[in-house]
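Okay, here's what each chain looks like letter by letter:
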Amino acid sequence: GVGAGGGAAAAAEEEARAQGGGNEDDSGDLELPNLYTSSEVELRPQTVDYEAAIARYRKTAEMTVTGEWMQGFVARGSFNLGFMHQFGLGAAQDLQTAKQHYHRCREVDPSGLHTPVTMILLALGAHMMFLRLPPWPILMERIFADFRVHVLVLHLVCIVALVVVR
């Protein structure tokens, strides 16, 4: 595993076991695992199984809500499924499907927190608009060819000049 000094601690623990120390101290009581007694942080990379995640989220999101206690779980499954579709994690990127899942999240749990859903729907709208933009060179050519952009730049220069002079 990857760790911050985890190799030395693991080697010391291995040596203690080899000498018969095990996880018991001299009085015969069990010691706490290193997780609770060590101040060292050990980081271990974990593999992500997107197929399993999307299958579980889909199963949860498609459940029929039979009790109020289920609303949060089904809504969270719908939200996570929408997120995976929006960013193409484990599924093909499909923004319309993502939007449907986000709206289902709101419908399933009307008394739940709507701020995260509203924020992600705004981000999804911006994402959709960004994807509809033409390539950068064509966009710049169209912007510079538009007379209104020149007038806007002149106005901004005048405002900056007035602020500086004032």
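Thresholds, definitions, all that
Residues numbered from 1 in each chain as written. Predicted model: local features only at pLDDT ≥ 70, side-chain atom pairs only at ≥ 80, totals over all residues. Heavy atoms only, no water. Helix = DSSP H or I, 4+ residues; strand = E, 2+ residues; numbered from the N terminus. Buried < 20%, exposed > 50% of the residue type's maximum accessible area, 1.4 Å probe, protein only. Areas by Shrake-Rupley, 256 points an atom, 1.4 Å probe, with all protein chains shown as cover. Axes fitted to C-alpha atoms, helices over the stretch in contact; angles between N-to-C directions. Parallel < 35°, antiparallel > 145°, perpendicular 65-115°, else oblique. Left-handed = near helix turned anticlockwise from the far one by under 90°. Contact = heavy atoms within 4.5 Å. Nonpolar A, V, L, I, M, F, W, Y, C, P; charged D, E, K, R; others polar.

Visitor: I tried to follow the overall build of the chain on my own but got confused; where do I start?
Guide: Broken down by element type, the chain carries eight helices and zero strands. When the helices and strands of the chain are listed from N to C terminus, the series reads α-α-α-α-α-α-α-α. A total of 166 residues make up the chain; the buried ones form 19% of that total. Accessible surface, the chain: about 12900 Å² in total, of which carbon and sulfur atoms supply 62%.

Visitor: What is the right way to read the packing of helix 5 (residues 95-108) against helix 6 (residues 115-132) from this model?
Guide: Here helix 5 crosses helix 6 at 165 degrees, and the two axes come no closer than 10 Å. As the angle between them shows, helix 5 and helix 6 are arranged roughly antiparallel. Pair helix 5 / helix 6 crosses with left-handed handedness. Contacts between helix 5 and helix 6 pair Leu-95, Gln-96, Ala-98, Lys-99, Tyr-102, His-103, Cys-105 and Arg-106 from the former with Val-117, Thr-118, Ile-120, Leu-121, Leu-124, His-127, Met-128 and Leu-131 from the latter. Residues belonging to the contact of helix 5 with helix 6 are distributed by class as follows: 10 nonpolar, four polar and two charged.

Visitor: Could you clarify how one ought to interpret the environment of Arg-104 in this entry?
Guide: Within the element layout of this structure, Arg-104 appears in helix 5. A residue is classified by how much of its surface remains accessible, and Arg-104, at 29% relative accessible area, is partly exposed. Along the sequence, Arg-104 and Ser-78 sit 26 residues apart, while their C-alpha atoms lie 6.5 Å from each other. Excluding anything up to four places from it in sequence, Arg-104 contacts Ala-61, Glu-62, Met-63, Val-74 and Ser-78.

Visitor: Explanation requested: the packing of helix 4 (residues 71-87) against helix 6 in the structure shown.
Guide: The geometry of a pair of packed helices is captured by two quantities: the angle between their axes and the separation between those axes. For the pair helix 4 and helix 6, interaxial distance at closest approach is 12 Å and the crossing angle is 15 degrees. The orientation of helix 4 relative to helix 6 falls into the category roughly parallel. As for how helix 4 packs across helix 6, the hand of that crossing is left-handed. Where helix 4 approaches helix 6, its residues Phe-79, Phe-83, Gln-86 and Phe-87 are matched on the opposing element by Pro-116, Val-117, Ile-120, Ala-123, Leu-124 and His-127. Residues of the contact of helix 4 with helix 6, tallied by class, amount to eight nonpolar, two polar and no charged.

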